[in-house]
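Summary of the model geometry
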Amino acid sequence: RAATVRALVRIASSRDYSGLDLDFEDFAVDRDHNVALADTAAARYPAFVGEVCGALHAIGRGCSVTVMPRTTSGKMYWRGLLATWVFDYRALAKVADRVQIMAYDEHAPGGAPGPIAPYEWVEQVIAYASSVMLIDKAELALPAYGYDWSGQNASAITSREAPQLARQNRVPPIWNAAQEEDTFSYNADGRWHKVWYE
């Protein structure tokens, strides 16, 4: 771990960077639902982030950490795959300057079509974050994109490309007031598509 901390400090000091954002996500992947392993990661990750942030502060650099969205303190698997509790918001907020919360991809490739950052879900993410940490330490990351689904396969589409795609297929985007996102459906090459985008 010390070698990793030193390597990150070298990166931060190699140029005129103001600091680093620690965005480690893959260690939350838990296909086997090994709760004990996820618990260990949840206990160890804040200590690692604390070491990195301490070393960065020592050279006058900032340190933020990016976390997956959570809506509860329970042991929930996001999309059945990601052990959300490995990101202990409370502990991470104590050691990092900022906690950047990925409030997007509630629906994403590999799953059913749906809103990327549905309004009610984003509010739940904010409510959970504010219940466990000082909200002025949080940054809410929101999408500027969407997905074009055909079955469970989906390709990313920008917020500018989506209306163009709707025009090309002669369908109007529909504002979904409950989700606060645009959506439309179209058929191409005999396949049904569903698009949601911010």
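See the structure shown above.
Residues numbered from 1 in each chain as written. Predicted model: local features only at pLDDT ≥ 70, side-chain atom pairs only at ≥ 80, totals over all residues. Heavy atoms only, no water.

Let us look at the overall build of the chain. In terms of regular secondary structure, the chain is built from 5 helices and 11 strands. Projecting the C-alpha coordinates of the chain onto the three principal axes gives extents of approximately 55 × 40 × 30 Å. Looking at the chain residue by residue over its 198 residues, the buried ones come to 40%. Within the chain, counting contacts between residues at least 6 apart in sequence, those at least 24 apart form 65% of the total. Accessible area for the chain stands at about 10600 Å²; split by element, carbon and sulfur atoms hold 52% of it. Placing the 19 positive and 24 negative side-chain charges of the chain at their respective mean positions leaves the two points 6 Å apart. (Helix = DSSP H or I, 4+ residues; strand = E, 2+ residues; numbered from the N terminus. Buried < 20%, exposed > 50% of the residue type's maximum accessible area, 1.4 Å probe, protein only. Contact = heavy atoms within 4.5 Å. Areas by Shrake-Rupley, 256 points an atom, 1.4 Å probe, with all protein chains shown as cover. Lys, Arg positive; Asp, Glu negative; His and termini not counted. Charge placed at Lys NZ, Arg CZ, Asp CG, Glu CD.)

Once that is clear, we can look at the sheet that holds strand β5 (residues 98-102). Spatial ordering of the open sheet is given by β1-β2-β5-β6, a layout of 4 strands whose pairing is parallel. Unpaired on one side and paired on the other, β1 (19-22) and β6 (138-141) mark the two borders of the sheet. Adjacent strand axes in the sheet meet at a mean angle of 20 degrees, parallel and antiparallel pairs treated alike. Sheet analysis places β1 next to strand β2 (residues 62-67), joined by 4 bridges and oriented parallel. (Pairing = 2+ DSSP bridges. Axes fitted to C-alpha atoms, helices over the stretch in contact; angles between N-to-C directions.)

The next subject is the packing of aromatic side chains. If you walk through the whole model with that rule in mind, you get 13 aromatic pairs. Seen from their ring centres, Y45 and F87 are 6.0 Å apart, and the 90 degrees between their planes marks the pair as edge-to-face. Placement of Y45 in helix α2 (residues 35-58) and of F87 in the loop between β4 (82-83) and α3 (89-95) is noted, with a sequence separation of 42 residues between them. Across this residue pair, the class does not change: Y45 and F87 are buried. Pairing Y77 with W85 gives two aromatic rings, centres 5.2 Å apart and planes at 85 degrees, and the pair type is edge-to-face. Here Y77 and W85 have matching classes, each one buried. (Phe/Tyr/Trp six-rings, centres within 6.5 Å; stacked < 30°, edge-to-face > 60°.)

That is the geometry; function is a separate question.
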